[in-house]
Amino acid sequence: MKRLLASAAFVAFAASGAVAQTVGFSQIGSESGWRAAETTLTKQQAEERGIDLKFSDAQQKQENQIAAIRSFIAQGVDAILLAPVVATGWDSVLEEAKEAEIPVVLLDRQVDSDKSLYLTAVGSDLVHEGEVAGQWLVDKVAGEPCRVVELQGTTGSSPAIDRKSGFENAIKGHDNIEIVRSQTGDFTRAQGKEVMESFLQAEGGGQDICALYAHNDDMAVGAIQAIKEAGLKPGSDILVVSIDAVPDIFQAMAAGEANATVELTPNMAGPAFDALKAYMESGTEPAKFLQTESKLYTQDDDPSGEYERRKGLGY
Amino acid sequence: MTILRRVAPQLLTLLALVLLVTAFFPEFLRIEVVNGRLVGPVMDILKRGAPVGLLAVGMTLVIATRGIDLSVGAVIAIAGAVAAWAITRDLGLAAALALAFAAGLAAGLWNGVLVAIVGIQPIVATLILMTSGRGIAQLVTEGRILTFSHDGLAFLGSGAVLGIPVPAVLWVATAIAVTLLLRRTALGMLIEAVGVNRNAAALAGVNATVLIIAVYSASGLCAALAGVVATADIRGADSNNAGLWMELDAILAVVIGGNSLLGGRFSIAASLLGALIIQTIDTGILLAGFPSEYNLSIKAVIVLVILVLQSPNLMHHWYALRYFAMRRREAALDPRKEPGT
């Protein structure tokens, strides 16, 4: 039935021409909850707009993505969305798409190819995310001295590097805030908990820690458990701010155990479809990078409601 | 006494490490009572060492039969996923544990049959489950982190008995039970016999096939318990990351324990000391507060030093050096002795 409706919509819109009707989406895979949510939201956004989305899961392999794009070109889709698994090696397949006059929009990751080979890239500014988190802490402590421990992402990964430097930018010039310990928690709950335990041991059983900054929510969720097991209250004894806005952190915020999170929106497809529509209807060239909003959520932003809204998205 | 002599190198290594970490972090040995439980870096090590410690018990047996089990990390993910799935379906703690152990046992039987009956090399046979197991776990959790709130299961990961963390109790109890089972019966010796020469053991009347299947099953069960502990610890099954690369730490623990990868004689106590040594390094690095870029390099250097010091070749060189030094000293002393006599 859904398929019938979709094809009916396809026929109806195909008559009007200009708008993208069939869009191919080459997704990396489903290695994290966030990416599963991105897939779900992309399908939702396509359905809302009456777009026929051809979805291809590459299972973390670039060759699968290249094969998928070639098959999209062969099928004559109107546009292609690509979440590239790596940054290099896209030149020839992007050129093929360009020759076939099919616009390509990159989602959430960048490629090293020439900018003329794709229409635009939709993504989040990782440094800005760190800045939003840092600014929240600056405002929250309002000049009071604050010793911060930091749970970094995987050593050397770009989110870890950028979210660290963004946070440092934000607290620069606020000498009351100081990062006293910083270690990698590999973006995982288990490591987040283990490393937080060692922070607590090293900082007088946690008495000397004023706030925790975690590069993602999963590590924060693990660290919150470590703080509770050490007999302290996360959210009041130790402030907790992290990045991503996954459902579980909203549960923690609703329980008063986390204070703030910065959203890395999985809705990259919405802006991508909007840009495609504008481009196809009136030929407006979008900017080469469309930055998504890094929205700050605190305990005042209806965390239990946010949890309900997100839990069905496949996180 | 013989056990003490067997594990002496590991004990000395652990002692040296503790001194080293204390030099960087003076409060390392501090233990205090918070909310009726013992808290301190040492307790953290005992607790955090649980998954690798449990894996090391099973891995020691497998390695004693001249095998290897690469799948244990993936089995952790599967067992954790199954336990969390059962709990979120309100099946109860007993059913969750039973299902998790059943999953571990099934994985172990699969490995054992591939090795003992089909005759595939252990490293290849267990590689199959190592690569596919995480996928199976993701099918169970549907690719997300399966979070649960069930105090009974969480107790296994973060509870305490008489002030001691439950994971620490679990791995010590498992190790003692397995050691008693193997050493109070002839099982341990039969495993060693199979490891030294499977054909000779079979000719002598040892049912090598059943024994090999049994050790892989034991390894699967140990991994299942480790998976339950890891999942209970973070109150969620993280199929992507639970037990990731932990099989390598378990093998390293067995090797640091002085057990030969070529099978034969084994010591579970020494493997466990190996696991404690690895965890002390990990926790020590965190406590010392180095930048995280150095974590792996520091660990690698320490492990290298430990293995070099334990190397039998080095021991031979050392004894040879001492022997020559003694001969020379005696030769130097002799002429002076002669006038006196």
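> Can you tell me about the overall build of chain B, naming the residues and giving the values?
A count of helices and strands for chain B gives 15 helices and six strands. Across its three principal axes, chain B shows a C-alpha extent of roughly 90 × 55 × 40 Å. Within chain B, the fraction of its 341 residues that count as buried is 48%. Taking the intrachain contacts of chain B between residues at least 6 apart in sequence as the baseline, contacts between residues at least 24 apart amount to 75%. Split by element, the accessible area of chain B, about 16,400 Å² in all, is 69% carbon and sulfur. Taking the average location of the 22 positive side-chain charges in chain B and that of its 17 negative ones, the two points are 10 Å from each other.

> Quick one: what's the story with the interface of chain B and chain A, residue by residue and with numbers?
Counting residues at the interface gives 31 residues for chain B and 28 residues for chain A. When the buried area of chain B at its contact with chain A is split by residue, B:I234, B:L286 and B:S292 rank highest and sum to 24% of it. Run the count over chain B and chain A and you get four salt bridges. There are 12 residue pairs in polar contact (both at pLDDT 80 or more) connecting chain B and chain A. At the level of secondary structure, the elements contributing two or more residues to the side of chain B that touches chain A comprise helix 2 (41-48), helix 11 (208-234) and helix 13 (268-288) of chain B. Residue composition of the side of chain B that touches chain A, by class: 11 nonpolar, 11 polar and nine charged.

> Give a detailed account of unusual backbone geometry, specifying residues and quantitative values.
The residue A:F187 is not glycine, and still its phi comes out positive at about 65 degrees. As for its placement among the helices and strands, A:F187 is situated in the loop between strand 7 (177-184) and helix 7 (189-202). Located in the positive-phi region is B:R66, a residue other than glycine, with phi close to 65 degrees. Within the fold, B:R66 resides in the loop between helix 3 (50-64) and helix 4 (72-88).

> Tell me about helix 6 (residues 158-171) of chain A, and name the residues and values.
Residues and elements named next belong to chain A. Relative to the 20 Å expected for 14 residues at 1.5 Å per residue, helix 6 spans 20 Å between its end C-alpha atoms, a close match to the ideal helical length. Each element contacted by the buried residues of helix 6 is listed here: helix 5 (126-141), strand 6 (146-152), strand 7, strand 8 (211-214) and strand 9 (239-244). Downstream of helix 6 by one or two residues, G173 has phi in the positive range, about 85 degrees.

> So what's going on with the domain arrangement of chain A? Residues and values would help.
Partitioning chain A into structural domains gives domain 1 (2-124 + 266-284) and domain 2 (126-264 + 299-309). A C-alpha centroid distance of 34 Å is found between domain 1 of chain A and domain 2 of chain A.

> An account of the state of the cysteines is requested, with residue identities and associated values reported.
Residues and elements named next belong to chain A. According to the stated counting rule, one finds one disulfide over all chains in the structure shown. Here C146 connects covalently by a disulfide to C210, the sulfurs 1.9 Å from one another. Because the sign of the S-S torsion sets the handedness, a value of about -85 degrees for the bond joining C146 and C210 places this disulfide among the left-handed ones. A residue pair is termed long-range when its members are at least 10 positions apart, and C146 in strand 6 and C210 in the loop between helix 7 and strand 8 qualify at 64 residues.

> I'd like a description of the sheet that holds strand 7 of chain A, backed by residues and values.
Each strand in a sheet pairs with its neighbour through backbone hydrogen bonds, running either in the same direction (parallel) or in the opposite one (antiparallel). Residues and elements named next belong to chain A. Pairing within the open sheet is mixed, and its six strands lie in the order 7-6-8-9-10-12. The open sheet has two edge strands, strand 7 and strand 12 (296-298), and neither has a second partner. Across the sheet, the mean angle from the axis of one strand to that of its neighbour is 20 degrees, orientation sign disregarded. Across four bridges, strand 9 lies against strand 10 (residues 260-263) in parallel orientation. Looking across to strand 10, one finds that V241 is bridged to A260.

> Before we move on, could you go through the packing of aromatic side chains and cite the residues and values that matter?
As enumerated under the stated definition, the model contains five aromatic pairs over all chains in all. Looking at A:R310, its charged tip hangs above the ring of A:Y297, at a distance of 5.1 Å from the centre. Above the face of the B:F266 ring, B:R183 is positioned so that its terminal group lies 4.4 Å from the ring centre.

> So what's going on with the confidence of the model for chain B? Which residues, and what values?
Averaged over every residue, the pLDDT of chain B is 93; the share at 70 or more is 97%. Per-element confidence in chain B ranges from a low mean pLDDT of 77 for helix 15 (residues 312-340) of chain B to a high of 98 for helix 5 (residues 93-118) of chain B.

Calculation rules
Residues numbered from 1 in each chain as written. Chains lettered and ligands numbered in written order. Predicted model: local features only at pLDDT ≥ 70, side-chain atom pairs only at ≥ 80, totals over all residues. Heavy atoms only, no water. Helix = DSSP H or I, 4+ residues; strand = E, 2+ residues; numbered from the N terminus. Buried < 20%, exposed > 50% of the residue type's maximum accessible area, 1.4 Å probe, protein only. Contact = heavy atoms within 4.5 Å. Areas by Shrake-Rupley, 256 points an atom, 1.4 Å probe, with all protein chains shown as cover. Lys, Arg positive; Asp, Glu negative; His and termini not counted. Charge placed at Lys NZ, Arg CZ, Asp CG, Glu CD. Buried area = accessible area lost by both parts, 1.4 Å probe. Salt bridge = Lys/Arg side-chain N within 4 Å of Asp/Glu carboxyl O. Polar contact = N/O pair within 3.5 Å; in protein donor to acceptor, adjacent residues only side chain to side chain. Nonpolar A, V, L, I, M, F, W, Y, C, P; charged D, E, K, R; others polar. Expected span 1.5 Å × (residues − 1). Domains from an automatic or database assignment. Disulfide = S-S within 2.5 Å. Pairing = 2+ DSSP bridges. Axes fitted to C-alpha atoms, helices over the stretch in contact; angles between N-to-C directions. Phe/Tyr/Trp six-rings, centres within 6.5 Å; stacked < 30°, edge-to-face > 60°. Lys NZ or Arg CZ within 6 Å of the ring centre and 35° of its normal. pLDDT = per-residue confidence, 0-100.

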